[in-house]
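Structural characterization, general
Here is what each chain is made of, one letter per residue.
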Amino acid sequence: MGPPAVLNQLERTGIDIKIIEEKHSALGILNKITCIGTIINQAERTLEFINYNLMPQIEQLDILASKNELSDYKVMFILNVQSGSPIVSGKGTSAHGLIMMTGARNIVSQHDGWKQISPESIIKASPDAVVITQRGLDSYGTLEALYTHPSLSLTPAFQNKRVIVMDGMAMIGFGPRTIFSAVKIAASLDEIVK
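Residues numbered from 1 in each chain as written. Predicted model: local features only at pLDDT ≥ 70, side-chain atom pairs only at ≥ 80, totals over all residues. Heavy atoms only, no water.

1. Details of a nonpolar patch on the surface
Test applied: Patch construction takes residues with relative accessible area above 30% that form no salt bridge. Like charges are linked within 9 Å, and nonpolar side chains (Val, Leu, Ile, Met, Phe, Trp, Tyr) are linked within 5 Å. Note on areas: these come from Shrake-Rupley sampling with a 1.4 Å probe, and a residue is covered only by the protein chains present in the view. By definition, a salt bridge exists where a carboxyl oxygen of Asp or Glu is found within 4 Å of a side-chain nitrogen of Lys or Arg. In DSSP terms, a helix is any run of H or I states spanning at least four residues, a strand is any run of E spanning at least two, and both are numbered starting from the N terminus.
Among the surface-exposed residues, Val6, Leu10 and Ile15 lie close enough to one another that they form a single nonpolar patch of about 230 Å² accessible area. The residue Leu10 is located in helix H1 (residues 4–12) in this model.

Pasting the structure below:
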């Protein structure tokens, strides 16, 4: 988090600051929730929440992800589309972690961070499915308009209408909703494979 100057200013005020390590995985989410529960003196309630709400979802996700790994499914995550060019997730992004949680393969993992991708790279990557944030889709227009995108329309994902649209923060905020989003995406990929 940052910028560093703001963190320094907050520390000088005497406010108790806890920085929780971000790991883009289901275990990382559980560790974050457990840490917050401990900080607010709600460790027991936090454990109940994890056991009753999240563990069944994680177990389902593990089953779906195992199936998806066998298919070597190629996925592209689009944050938004700027001037007609998609901004996609590379290695080290929360979206990369989300894709890994579903058992799919991020086809832009040779790059670090978020990257605007060229039409040639999109076509060469040939994603089997595309995940896009609702805000990213809204900034472009409708799903029907996106299906006619000059380079995306040439990919197997778009030719077979394999585009998953979901709330961005639910997918890549890496809180409890990310686990539920990962299950939905993994289930969608599993259905596409069949």
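From this point, the discussion proceeds with the structure in view.
2. Focus on unusual backbone geometry
With phi around 50°, Ser83 is a residue other than glycine that occupies positive phi space. Note on placement: Ser83 falls in the loop between strand S1 (74–82) and strand S2 (85–89). Backbone geometry at Ser126 places phi at a positive 50°, although glycine is not the residue there. Inspection of the secondary structure assignment puts Ser126 in the loop between helix H5 (119–125) and strand S5 (129–133).

3. Re the nonpolar core
Quick reminder of the rule: Residues belong to one nonpolar core when they are buried, are Ala, Val, Leu, Ile, Met, Phe, Trp, Tyr or Cys, and are joined through side-chain atoms within 4.5 Å. Each residue is assigned to one of three classes by its accessible area relative to the maximum for its type, calculated with a 1.4 Å probe on protein chains only: buried under 20%, partly exposed between the two thresholds, exposed over 50%. It only takes one pair of heavy atoms within 4.5 Å for two residues to be counted as in contact.
In terms of nonpolar packing, the biggest core is built from 30 residues, with Val75, Phe77, Leu98, Met101, Met171, Ile185 and Leu189 touching the most fellow members. Contributing elements (two or more residues each) for this core: helix H2 (26–39), helix H3 (43–71), S1, helix H4 (94–101), S5, strand S6 (163–166), helix H9 (168–172) and helix H10 (176–193). Counting residues per element, this core draws most heavily on H10, at 6 residues. Residues within four places of Leu98 in sequence aside, it is in contact with Phe77, Met171, Ile172, Phe174, Thr178, Ala182 and Ile185. Core analysis: the second largest hydrophobic core is formed by 18 residues, Ile107, Ile132, Leu137 and Leu152 among them.

4. A few points about the packing of H2 against H3
Note the threshold: To get an axis, fit a line to the C-alpha atoms, keeping to the stretch in contact for a helix; angles then go from 0 to 180 degrees between the N-to-C directions. Oblique is the label for every angle not falling under 35 degrees (roughly parallel), over 145 degrees (roughly antiparallel), or within 65 to 115 degrees (roughly perpendicular). Crossings are classed by handedness, with left-handed meaning an anticlockwise turn of the near helix from the far one by less than a right angle and right-handed meaning a clockwise turn. Gly is put with the polar residues, along with every residue not named as nonpolar or charged; the nonpolar set is Ala, Val, Leu, Ile, Met, Phe, Trp, Tyr, Cys and Pro, and the charged set is Asp, Glu, Lys and Arg.
Interaxial distance between H2 and H3 falls to 9 Å at its minimum, and their mutual angle equals 165°. With respect to their mutual orientation, H2 and H3 come out roughly antiparallel. For the pair H2 and H3, the sense of crossing is right-handed. Contacts between H2 and H3 involve Ala26, Leu30, Ile33, Thr34, Gly37 and Thr38 on the former and, on the latter, Ala43, Thr46, Phe49, Ile50, Leu54, Met55 and Ile58. For the contact of H2 with H3, the per-class residue count stands at 9 nonpolar, 4 polar and no charged.

5. Focus: H4
Burial analysis of H4 places 7 of its 8 residues in the buried class, which makes it a mostly covered element. Within H4, the full set of buried residues consists of Ser94, Ala95, His96, Gly97, Leu98, Ile99 and Met101.

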